[in-house]
Amino acid sequence: MKLSAALFASAAAAAGVNGSTPSIVESLLSSIPSNVVKGPFNPFPTQFINSYKAPIQAILERNAYVARNGSELLLSGTRWTAAGANVYWLGLDENVQPAAGQPFYAPYNASYPTKGRITEIMNTLQVLGGRTIRSQTLGVSVGNPLSVMPKLGEVNEQAFDTIDWAVYQARQHGIRVFAPLVSREW
Ligand SMILES: *[C@@H]1O[C@H](CO)[C@@H](O)[C@H](O)[C@H]1NC(C)=O
Ligand SMILES: *[C@@H]1O[C@H](CO)[C@@H](O)[C@H](O)[C@H]1NC(C)=O
């Protein structure tokens, strides 16, 4: 088994599901015997080992639950705050005129955001240190032909495409999503 695969597998197993993984990466890396691999990589240079720390920690954290400890929230044993942005348009957008031929509902200027636009905002938020997104069109999507439910009882499967992509990209970026299921704004 390759070192990277072994590290990811044991890190994932050790992470469990409760969000508390204090110093897991440190203890994991320091527990690797220096003779685990024969040949030119024996012993591992510290620099080589260290290059695994940040990626493993990021993967652990994006797959762990945020857990409550008294009055605070923890992720991987560290205090977690729900700082982030209101990106309401991840499911349905009205800021952009889509390319010709793309779904568009002129009375509300409604269109689906492109996958690139969704990925870009996740990148931006992550770089700025954001950890959450509130996005009402992921949960509230009714009343026009591009909505999840254009009319009561009628489901528009196409609307899930951008919603699914947004949830997937949030996971990839370690960003938690608030998707309101009711809204009194519109
Ligand atoms: C959880 O809260 C208790 C009481 O405030 C504190 O002593 C402890 O250090 C906290 N645990 C973590 C992992 O922060
Ligand atoms: C749609 O967008 C156009 C161009 O930005 C704008 O002039 C128009 O007022 C918008 N319509 C609605 C319903 O917001």
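About the thresholds
- Residues numbered from 1 in each chain as written.
- Chains lettered and ligands numbered in written order.
- Predicted model: local features only at pLDDT ≥ 70, side-chain atom pairs only at ≥ 80, totals over all residues.
- Helix = DSSP H or I, 4+ residues; strand = E, 2+ residues; numbered from the N terminus.
- Buried ≥ 20, exposed ≤ 12 C-beta atoms within 10 Å, placed from the backbone.
- Contact = placed C-beta atoms within 7 Å.
- Pairing = 2+ DSSP bridges.
- Axes fitted to C-alpha atoms, helices over the stretch in contact; angles between N-to-C directions.
- Near = placed C-beta within 6 Å.
- Nonpolar A, V, L, I, M, F, W, Y, C, P; charged D, E, K, R; others polar.

Named according to an unreviewed UniProt entry, the protein is Glycoside hydrolase family 5 protein originating from Glonium stellatum.

S.K.: Describe in detail the overall build of the protein, supporting the description with residues and values.
M.R.: Secondary structure assignment for the protein yields 6 helices and 8 strands. Evaluated residue by residue, the protein yields a buried proportion of 26% over its 186 residues. In the protein, the proportion of contacts linking residues at least 24 apart, taken out of those at least 6 apart, comes to 68%.

S.K.: I'd love a proper account of the sheet that holds strand β4 (residues 84-86), names of residues and values included.
M.R.: Pairing within the open sheet is parallel, and its 3 strands lie in the order β4-β7-β8. Strand pairing shows two members of the sheet lacking a second neighbour, β4 and β8 (176-178), which therefore form its edges. Going from strand to strand, the sheet's axes swing by 15 degrees on average, the running direction of each strand aside. Bridge analysis of strand β7 (residues 132-134) against β8 gives 3 bridges, and the strand direction is parallel. Looking across to β8, one finds that threonine 132 is bridged to arginine 176.

S.K.: An account of the site of ligand 1 is requested, with residue identities and associated values reported.
M.R.: Taken together, the residues surrounding ligand 1 are Asn69, Gly70, Leu74 and Gly77. For the shell around ligand 1, a count of residues per class yields 1 nonpolar, 3 polar and no charged.

S.K.: How would you summarise unusual backbone geometry if you had to cite specific residues and measurements?
M.R.: Located in the positive-phi region is serine 76, a residue other than glycine, with phi close to 55 degrees. Inspection of the secondary structure assignment puts serine 76 in the loop between β2 (72-75) and β3 (78-80). The phi torsion at asparagine 109 lies on the positive side, around 55 degrees, for a residue other than glycine. Structurally, asparagine 109 can be placed in the loop between β5 (104-105) and β6 (110-111). Under the C-beta neighbour-count criterion, asparagine 109 is labelled partly exposed, with 13 such atoms within 10 Å.

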